[in-house]
Amino acid sequence: MLAAYIDGTCLCSQVKIRLRTEKLLLESGQIEVKLCHCDVCRKINAGPSFYITEIADSQFTMTNSELVHYFKTSENGQRGFCSHCGTYLFFRDLSTRVYEFNPELFQREYFKFTEEIWCLSKPDYYNFADETLKTDYE
Ligand SMILES: [Zn+2]
Ligand SMILES: [Zn+2]
């Protein structure tokens, strides 16, 4: 059984995130992880971006959040990085205030890879073998 919280950090460990798992659990007890192939995600992360979706700001706490550097990547979207080590932390939707966290900050054994989005933007040089739901855009 998954704990009530999972803890994550950036590479230098100064930004710490504690995520409440309650509303994120699938029936299997795992947390769903999705993947975005869009041009921004691939450029910003040297490849498609895995993410844990739909996290409200009431579902997590962040330590040393003053170290987070924000960069606006679309009309309603902004990315957060650790300003010390450069680790990509999250996407944040400015209109809904929902976060999508980088799952690689956390303990990976709890995750299930379920969906790929922006598949029409995916370049031909890579493919994932996992059986996932594939969406053209968002
Ligand atoms: Zn850091
Ligand atoms: Zn994307």
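Relevant structure appears above.
Since we're looking at a predicted model, the values are computed, not measured.

Here the focus is the overall build of the protein. Each helix and strand in the protein was counted, giving 1 helix and 11 strands. Of the regular secondary structure in the protein, the N- to C-terminal order runs β-β-β-α-β-β-β-β-β-β-β-β. Overall size of the protein, expressed as C-alpha extent along the three principal axes, is 40 × 35 × 30 Å. Going through the 138 residues of the protein one by one, you find that 28% of them count as buried. Counting contacts in the protein only where the partners sit at least 6 residues apart, residues at least 24 apart contribute 49% of the total.

Looking now at the nonpolar core. Grouped burial of nonpolar side chains is what soluble globular proteins tend to show. With 27 residues, the main nonpolar core has Leu 19, Cys 36, Tyr 51, Ile 52, Leu 89, Phe 101 and Leu 105 as its most contacted residues. Secondary structure elements with two or more residues in this core: β2 (16–20), β3 (31–36), β4 (49–55), β7 (77–82), β8 (88–93) and β9 (99–101). Each residue touching Cys 36, except ones within four places of it in the same chain, is listed here: Cys 41, Pro 48, Ser 49, Tyr 51, Ile 117 and Trp 118.

Attention shifts here to the sheet that holds strand β1 (residues 5–9). With respect to topology, 3 strands assemble into an open sheet ordered β1-β2-β5, the strand pairing being antiparallel. What marks the edges here is a single partner per strand, and that holds for β1 and β5 (60–63). Going across the sheet, the axis of each strand differs from the next one's by a mean of 15°, ignoring polarity. Bridging between β1 and β2 involves 5 bridges; their strand directions are antiparallel. For Ile 6, the partnering residue across the bridge sits in β2 and is Leu 19.

A few words on the sheet that holds β3. With mixed pairing, the 8 strands of this open sheet are ordered in space as β6-β7-β8-β9-β4-β3-β10-β11. The open sheet has two edge strands with one neighbour each: β6 (68–72) and β11 (133–134). Looking at chain direction, β4 and β9 are connected through 2 bridges and run antiparallel. Residue Ile 55 lies in a different strand from β9, and its bridge partner there is Tyr 99.

As a further point, take the pairing of β6. Burial of β6 is sparse: only 0 of the 5 residues sit out of reach of the surface. Of the strand pairs in this sheet, β6 and β7 are connected by 5 bridges, and their pairing is antiparallel. By the bridge assignment for β7, Val 68 is matched with Cys 82. Linking β6 back to β7 in an antiparallel pair, the connection comprises 4 residues.

Its identity is not glycine, yet Ser 13 carries a phi of approximately 70°, on the positive side. Locating Ser 13 in the fold gives a position in the loop between β1 and β2. Its identity is not glycine, yet Asn 64 carries a phi of approximately 60°, on the positive side. Locating Asn 64 in the fold gives a position in the loop between β5 and β6.

Turning to the environment of Lys 122, a few remarks are in order. Locating Lys 122 in the fold gives a position in the loop between β10 (111–117) and β11. Residues Lys 122 and Ile 55 lie 67 residues apart in sequence; the distance between their C-alpha atoms is 25 Å.

Cut-offs and rules
- Sequence positions are assigned chain by chain, starting from 1 and proceeding in written order.
- Numbering of ligands from 1 and lettering of chains from A proceed in the order in which they are written.
- Local features are withheld for residues below a pLDDT of 70 in this predicted model, meaning they are given only at 70 or higher, and side-chain atom pairs are given and counted only at 80 or more; totals for whole chains, interfaces and linings count all residues.
- Starting at the N terminus, helices and strands are each numbered in turn, a helix being any DSSP run of H or I of at least four residues and a strand any DSSP run of E of at least two.
- Buried means a residue has 20 or more other C-beta atoms within 10 Å of its own C-beta, exposed means 12 or fewer, and partly exposed covers the counts in between; C-beta atoms are placed from the backbone.
- By definition, residue pairs are in contact when their C-beta atoms, positioned from the backbone, come within 7 Å.
- The nonpolar core is taken to be a set of buried Ala, Val, Leu, Ile, Met, Phe, Trp, Tyr and Cys residues joined by way of C-beta atoms within 7 Å.
- For two strands to be treated as a pair, DSSP must find no fewer than two bridges joining them.
- Axis lines are fitted to C-alpha atoms, over the contacting stretch for helices. Their N-to-C directions set the angle, which ranges from 0 to 180 degrees.

Nothing here speaks to function; it is geometry throughout.
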